[in-house]
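# Breakdown of the fold
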Amino acid sequence: MGQQKVTVLHGPNLNLLGTRQPEIYGHETLDDVNKQLRETAVLAGWEINCFQSNHEGALIDAIHAARQDGSQAIIINPAAYTHTSVAILDALNAFEGTVIEVHISNVHKRESFRHHSYVSLRADGVIAGLGIHGYQAALEAIIKAR
């Protein structure tokens, strides 16, 4: 078996992390998130691929790529697509590895439309409300499970 690999997918508007509604999402940037994840992955001997897109189809393509590139797991923050995208759910259903859904804010303390997640129908775990540390918790859970 080759090197363990995880794909991290960030959905729409997460490129604005650190500047968009910092009272909800904090001041750390997406680059900060990805740097921390890479450091943890390297220390554990894992390969990591981080990708952000504001486009649903690009995220679906990245899920398909994870099926082919040997990724054992996907960590996904689908952002607003969480509540709307059956297409992302369908793509994740075709992925055979572990899927962990991450949300920076506690979506259950926000508007009622944010309480429903299509992605949760596939996710093996869901982390919400831990800020960007939720990504780290997801990665650590994946590494420990292997």
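In the nomenclature of an unreviewed UniProt entry, the protein chain is known as 3-dehydroquinate dehydratase of Halomonas citrativorans. UniProt's Subunit (unreviewed entry) comment on the protein chain is quoted here verbatim: "Homododecamer." As recorded by UniProt, the Sequence similarities (unreviewed entry) comment attached to the protein chain reads in full: "Belongs to the type-II 3-dehydroquinase family."

This next bit is on the UniProt feature "site: Transition state stabilizer" (unreviewed entry) in the protein chain. Under the UniProt annotation, "site: Transition state stabilizer" (unreviewed entry) lies at R20. Here R20 shows up in the loop between β1 (5–10) and α1 (22–25). Judged by relative accessible area, R20 falls into the partly exposed class, the value being 25%.

This next bit is on the sheet that holds β1. Read from one edge to the other, the open sheet built from five strands follows the order β2-β1-β3-β4-β5, with strand pairing classed as parallel. The two strands at the open ends of the sheet, each matched to only one other strand, are β2 (47–52) and β5 (125–128). Averaged over all pairs of adjacent strands, the angle between strand axes in this sheet comes to 15°, irrespective of strand direction. Judged from the six bridges that link them, β1 and β2 form a sheet pairing that is parallel.

A few words on the UniProt feature "active site" (unreviewed entry) in the protein chain. Following the UniProt record, one finds the feature "active site" (unreviewed entry) at Y25 and H103. A maximum C-alpha distance of 9.6 Å is found for the annotated residues, which run over 79 residues; spatially they form one tight group. Note that Y25 resides in helix α1. With a relative accessible area of 11%, Y25 lands in the buried category. Tracing the backbone shows H103 in strand β4 (residues 98–103). The contact partners of H103, leaving out residues within four places of it in the chain, are N77, P78, T82, I127, A128, G129 and L130.

Next up on the list: the environment of A138. In this structure, A138 sits in helix α5 (residues 133–145). Distance in space between the C-alpha atoms of A138 and V8 is 10 Å, their sequence separation being 130 residues. Residues contacting A138, with those up to four places away along its chain left out, are I75, I100, V102 and I127.

With that settled, the discussion passes to the pairing of β4. The buried fraction of β4 amounts to five of the six residues, a majority that puts the element mostly inside the structure. Pairing of strand β3 (residues 73–77) with β4 involves four bridges; the strand directions are parallel. Its bridge partner being in β4, I75 is matched across the sheet by I100. Handedness of the β3-helix α4 (residues 86–93)-β4 crossover: right-handed. Bridging between β4 and β5 involves four bridges; their strand directions are parallel. If you follow E101 over to β5, its bridge partner there is V126.

Cut-offs used in this document
- Residues numbered from 1 in each chain as written.
- Predicted model: local features only at pLDDT ≥ 70, side-chain atom pairs only at ≥ 80, totals over all residues.
- Heavy atoms only, no water.
- UniProt positions renumbered as here; feature names shortened; annotations may be inferred.
- Helix = DSSP H or I, 4+ residues; strand = E, 2+ residues; numbered from the N terminus.
- Buried < 20%, exposed > 50% of the residue type's maximum accessible area, 1.4 Å probe, protein only.
- Pairing = 2+ DSSP bridges.
- Axes fitted to C-alpha atoms, helices over the stretch in contact; angles between N-to-C directions.
- Contact = heavy atoms within 4.5 Å.
- Right-handed = clockwise from strand over helix to strand, strands pointing away.

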